[in-house]
Amino acid sequence: MRLQARDVRLAYGERVIVDGLDLGIEAGTVTTIIGPNGCGKSTLLRALGRLMKPTGGEVLLDGKRIDKIPTREVAKVLGMLPQSPTAPEGLTVADLVARGRHPHQTWYRQWSSDDESSVTEALAMTGLADLAERPLDELSGGQRQRAWISMALAQGTDLLLLDEPTTFLDLSHQVEVLELVRHLHQEAGRTIVMVLHDLNLAARYTDRLVAMREGRVVAAGTPHEVLTEDLLRGVFDLDAKVIADPVAGTPLVVPIGRRS
Amino acid sequence: MSALALRVAGLSWRVRPRGVAVTVGALAAVVLLMALNMRLGDIPMSVAEVLRAVVDAGSDNHFVVMELRLPRALTGALVGAALALAGAITQSIARNPLASPEILGVTTGASVTVVAGVVLSGSAAGGVSGALASFGIPALALLGGLTGAVIVYSLAWRRGLDGYRLVLVGIGVAAVFTNVKFWLLTVGDVNDTGRAMVWISGSLNGRGWEHVGPVALALVLLIPATLLGARSLDALRFGDDTVTSLGVRMNLARGLMIFAAVLLAAVATASAGPIAFVALASPQIALRLTRSAQPPLLASAVVGALLTTAADLIARTAFSPIELPVGVVTAVLGAPYLIHLIWRARK
């Protein structure tokens, strides 16, 4: 088990978002957390990435409490793409991606050849090599998102947490990002946890789906096990037909209407 | 990428040629302007005479240059460097080009305590010209500056340090301090307040080696320290979640860098009074000259020294024989610049 939440309670001040949640992430899997807006899926991802400290329970990284491991050591094995991240004005793509090397650098080792090759590789993987010198503000939403993913890749961690990596992207770029995720998983054996809104894409690119509602895990398992008509009704208040995706054979959700 | 990698046996550094050129060029300009500055005074000298006086201990002007003019010029340059470095750090952490040590409560805190000290003690302790001037005022300024920073810092702290919250609290606290200062000025004796006014507009007049020492020491210790922290500072300019994801201990790094900025600003203010706009403008000028994405620390410091030295030169020559406090000139130069920044931010 790479990453584990045990009886986790997460709250912003008095407002409890997640309570008594258990979740385990196996090595080498792609896990996607789904659920309606406000169900606590991003909050859970932030806690898994030690961006938020649980008020109860614990998060374990490779069996050790994540808050007891120096944050820099965590950053060497766990990379995280936060939801709508902000960058300083005027920063170029290359500078942004280079920043991903931060945990591997010290004042006397500021730019090793490892750093350089990781950045070049990350830029190539996301197809941004030609845009490297462009300021981030001048890119389209999709290009910018790929630049941020590129930064997380340059960090060189085998665990990646991606909070809605496909927001702002048109369908073809969404597929492109998810193909990249699949590539990272299949070729490089990385463990990935994402939050996604598109259930059909989630089903297609994921080993394991975790469905949440009101801060609890309602169902977890393969897309076939989780994406059922009953679950969609219970979790999303959605009447839908689930058929087989004619391309991939994974479950395909065809909405009928919202349950009143 | 405009940075070159310098690699020696497993060690590696990043060097921006443009940044190096700007820093070295500005440093040369500082030395030149200091020499021009040291010509001025009761005994006018040429640059050649100034240089001879510095190297030749037997020359007529040796005492005047070494004991009066050099320390004054050095105080100006070092105070400018310290303020600018403090400004570069503050702007990086607040992620806001309008942030400066005024925001941290340092300069306004120092002004209030110095005015209070001068006005309340009156001429009892020899006024602003006696022992109080040499030791009392710097001590009061340091105390007030650090107290102001502690007040701003503790009010701004809420389960962590947020850049915007820091700026807002800082502006509020500065407004309170400024009003207390004006109130003290209105109730004080007219002679005392007149002298206090010169100090709070930032002046290099009559600065000696005792003013050089503390600033030089602060810079010698804190320049290397802040350069070591510069990488964290670069990371701190991102959103909080990104900073933590990159393995930076965010609140610790922010706290240490702000502490360094507060010390630099407090020591600088103690030496020469709150010289306006140097901390605000220098990092932004250095940023544009070096074309980097964040205020470069070393280049900002040198630009700060340059700005202050140039302003002092103008202050002493523009309305000769009347000498203006250097802070008046930096304020006159800085105000349009501030308006420009705000106008740009609105766009």
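As annotated in an unreviewed UniProt entry, chain B is Iron complex transport system permease protein from Nonomuraea dietziae. UniProt annotates chain B under Sequence similarities (unreviewed entry) with the comment "Belongs to the binding-protein-dependent transport system permease family. FecCD subfamily." What UniProt records for chain B under Subcellular location (unreviewed entry) is the sentence "Cell membrane".

In the nomenclature of an unreviewed UniProt entry, chain A corresponds to Iron complex transport system ATP-binding protein from the organism Nonomuraea dietziae. On record in UniProt, under Subcellular location (unreviewed entry), the comment for chain A is "Cell membrane".

### Here's the deal with the overall build of chain B
The helix and strand inventory of chain B stands at 14 helices and two strands. For chain B, the C-alpha atoms occupy an extent of roughly 60 × 50 × 40 Å along the three principal directions. The 347 residues of chain B split such that 54% are buried. Across chain B, contacts joining residues at least 24 apart in sequence account for 72% of those joining residues at least 6 apart. Of the roughly 15,100 Å² that chain B leaves accessible, carbon and sulfur atoms contribute 70%. Distance from the positive charge centre (25 side chains) to the negative charge centre (15 side chains) of chain B: 16 Å.

### Examining a nonpolar patch on the surface
Residues W107 and Y108 of chain A together with L11 and L228 of chain B make up a contiguous nonpolar surface patch of roughly 390 Å² in combined accessible area. If you trace the backbone, L228 of chain B turns up in helix α8 (residues 209–228).

### Here we look at helix α12 (residues 278–290) of chain B
Note that an α-helix has 3.6 residues per turn; residues three or four places apart therefore point the same way. Over its 13 residues, α12 of chain B extends 18 Å from the first C-alpha to the last, a length consistent with the 18 Å expected when each residue adds 1.5 Å. Those residues of α12 of chain B that fall on the buried side of the exposure criterion are V278, A279, L280, A281, S282, P283, Q284, A286, L287 and T290 of chain B.

### A look at the domain arrangement of chain A
Residues and elements named next belong to chain A. Domain parsing of chain A yields domain 1 (1–77 + 158–259) and domain 2 (86–156). For domain 1 and domain 2, the distance between their C-alpha centres works out to 25 Å. Between domain 1 and domain 2, the contact holds 18 residues from the first and 16 residues from the second. Approximately 1,300 Å² of surface area, both sides summed, lies buried where domain 1 meets domain 2, with 62% of it carried by carbon and sulfur atoms. Of all residues in domain 1, R72, K76 and L180 give up the largest surface area on contact with domain 2, accounting jointly for 33% of the area buried on that side. Viewed at the interface, domain 2 and domain 1 are joined by one salt bridge. The interface formed by domain 1 and domain 2 holds four residue pairs in polar contact (both at pLDDT 80 or more) in total. Looking at the side of domain 1 that touches domain 2, the elements with two or more residues in it are α2 (71–77) and α6 (171–186). Broken down by element, the side of domain 1 that touches domain 2 gets its largest block of residues, six residues, from α6.

### Observations regarding the interface of chain B and chain A
Listed by partner, the interface residues are 28 residues for chain B and 37 residues for chain A. With both sides pooled, the region where chain B packs onto chain A buries about 2,900 Å², and carbon together with sulfur makes up 55% of that total. At the junction of chain B with chain A, the criterion picks out four salt bridges. The interface formed by chain B and chain A includes 13 residue pairs in polar contact (both at pLDDT 80 or more). Elements represented by at least two residues in the side of chain B that touches chain A include exactly β1 (4–8), β2 (11–15), α9 (230–236) and α10 (240–245) of chain B. Taken together, the residues of the side of chain B that touches chain A sort by class into 10 nonpolar, nine polar and nine charged.

### Some thoughts on the UniProt feature "transmembrane region" (unreviewed entry) in chain B
All names here are of chain B. UniProt feature "transmembrane region" (unreviewed entry): in the numbering of this structure it lies at residues 20–38, 73–91, 103–125, 131–156, 163–184, 211–230, 256–277 and 322–343. In this annotation, residues 73–91 is assigned 100% helix and 0% strand; the end-to-end C-alpha distance for the span is 27 Å. In residues 256–277, helix accounts for 77% and strand for 0%; the two terminal C-alpha atoms are 24 Å from one another.

### Examining α6 of chain A
Residue and element names in this part refer to chain A. Given a rise of 1.5 Å per residue, 16 residues ought to cover 22 Å, and the 22 Å separating the end C-alpha atoms of α6 matches this to within 8%. Within α6, burial applies to Q174, V177, L178, L180, V181, L184 and H185. The buried side chains of α6 occupy one side of the element, clustering within an arc of 145° when seen end-on. In α6, the exposed positions angled more than 90 degrees off the buried face are occupied by L171, S172 and Q186. On its buried face, α6 is in contact with β3 (30–34), α4 (113–125), α5 (141–154), β7 (159–163), β8 (191–195) and α7 (199–205).

### Digging into the sheet that holds strand β1 (residues 3–12) of chain A
Residues and elements named next belong to chain A. The strand order β2-β1-β4-β5 describes an open sheet built from four strands, whose pairing is antiparallel. One side of each edge strand has no neighbouring strand; the edge strands of this open sheet are β2 (15–25) and β5 (64–65). As paired strands, β1 and strand β4 (residues 56–61) are joined by five bridges and run antiparallel to one another. Residue Q4 lies in a different strand from β4, and its bridge partner there is L60. Across the face of the sheet, helix α1 (residues 41–48) comes into contact with β1, β2 and β4 while running at roughly 120° to β1.

What counts and how
- Residues numbered from 1 in each chain as written.
- Chains lettered and ligands numbered in written order.
- Predicted model: local features only at pLDDT ≥ 70, side-chain atom pairs only at ≥ 80, totals over all residues.
- Heavy atoms only, no water.
- UniProt positions renumbered as here; feature names shortened; annotations may be inferred.
- Helix = DSSP H or I, 4+ residues; strand = E, 2+ residues; numbered from the N terminus.
- Buried < 20%, exposed > 50% of the residue type's maximum accessible area, 1.4 Å probe, protein only.
- Contact = heavy atoms within 4.5 Å.
- Areas by Shrake-Rupley, 256 points an atom, 1.4 Å probe, with all protein chains shown as cover.
- Lys, Arg positive; Asp, Glu negative; His and termini not counted.
- Charge placed at Lys NZ, Arg CZ, Asp CG, Glu CD.
- Patch = residues over 30% accessible without salt bridge, like charges linked within 9 Å, V, L, I, M, F, W, Y side chains within 5 Å.
- Salt bridge = Lys/Arg side-chain N within 4 Å of Asp/Glu carboxyl O.
- Expected span 1.5 Å × (residues − 1).
- Domains from an automatic or database assignment.
- Buried area = accessible area lost by both parts, 1.4 Å probe.
- Polar contact = N/O pair within 3.5 Å; in protein donor to acceptor, adjacent residues only side chain to side chain.
- Nonpolar A, V, L, I, M, F, W, Y, C, P; charged D, E, K, R; others polar.
- Arc of directions from axis to C-beta.
- Pairing = 2+ DSSP bridges.
- Axes fitted to C-alpha atoms, helices over the stretch in contact; angles between N-to-C directions.

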